[in-house]
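# Report on the structure
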Amino acid sequence: MFAKNVGGLDRILRIVAGLVLLSLFFLYPEASWRYFTLIGIVPLATGLMSSCPLYSIMGLSTCPVKRA
């Protein structure tokens, strides 16, 4: 479906950042800014799928080069 273009370290950082942002949503239920933390779904999803649509559009990749 999507080509893998997110490498190891980039993937880990995306997953951690996504989880931190989503945890803030639940830790601060009365905060007026809490709905902005739902943006954490994006890095979490791209980290779990190892594919970033924005990287595809820009022609970027953080995956290591496969050598024959």
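Here the structure is a predicted model, which means the values were calculated and not measured.

At their nearest, the axes of helix H1 (residues 8–27) and helix H2 (residues 41–49) sit 7 Å apart, and the two run at 145° to each other. Every pair of crossing elements has a handedness; the one defined by H1 and H2 is left-handed. Residue-level contacts link Arg11, Arg14, Ile15, Gly18, Leu19 and Leu22 of H1 to Ile41, Pro43, Leu44, Thr46, Gly47 and Leu48 of H2. Looking at the contact of H1 with H2, its residues break down into 7 nonpolar, 3 polar and 2 charged.

Nonpolar side chains collect at one region of the surface, where Leu27, Tyr28, Trp33 and Phe36 lie side by side and expose about 500 Å² of accessible area between them. Within the fold, Phe36 resides in the loop between H1 and H2. Residue classification places Phe36 among the exposed positions, given a relative accessible area of 68%.

Calculation criteria
- Residues numbered from 1 in each chain as written.
- Predicted model: local features only at pLDDT ≥ 70, side-chain atom pairs only at ≥ 80, totals over all residues.
- Heavy atoms only, no water.
- Axes fitted to C-alpha atoms, helices over the stretch in contact; angles between N-to-C directions.
- Helix = DSSP H or I, 4+ residues; strand = E, 2+ residues; numbered from the N terminus.
- Left-handed = near helix turned anticlockwise from the far one by under 90°.
- Contact = heavy atoms within 4.5 Å.
- Nonpolar A, V, L, I, M, F, W, Y, C, P; charged D, E, K, R; others polar.
- Patch = residues over 30% accessible without salt bridge, like charges linked within 9 Å, V, L, I, M, F, W, Y side chains within 5 Å.
- Areas by Shrake-Rupley, 256 points an atom, 1.4 Å probe, with all protein chains shown as cover.
- Salt bridge = Lys/Arg side-chain N within 4 Å of Asp/Glu carboxyl O.
- Buried < 20%, exposed > 50% of the residue type's maximum accessible area, 1.4 Å probe, protein only.

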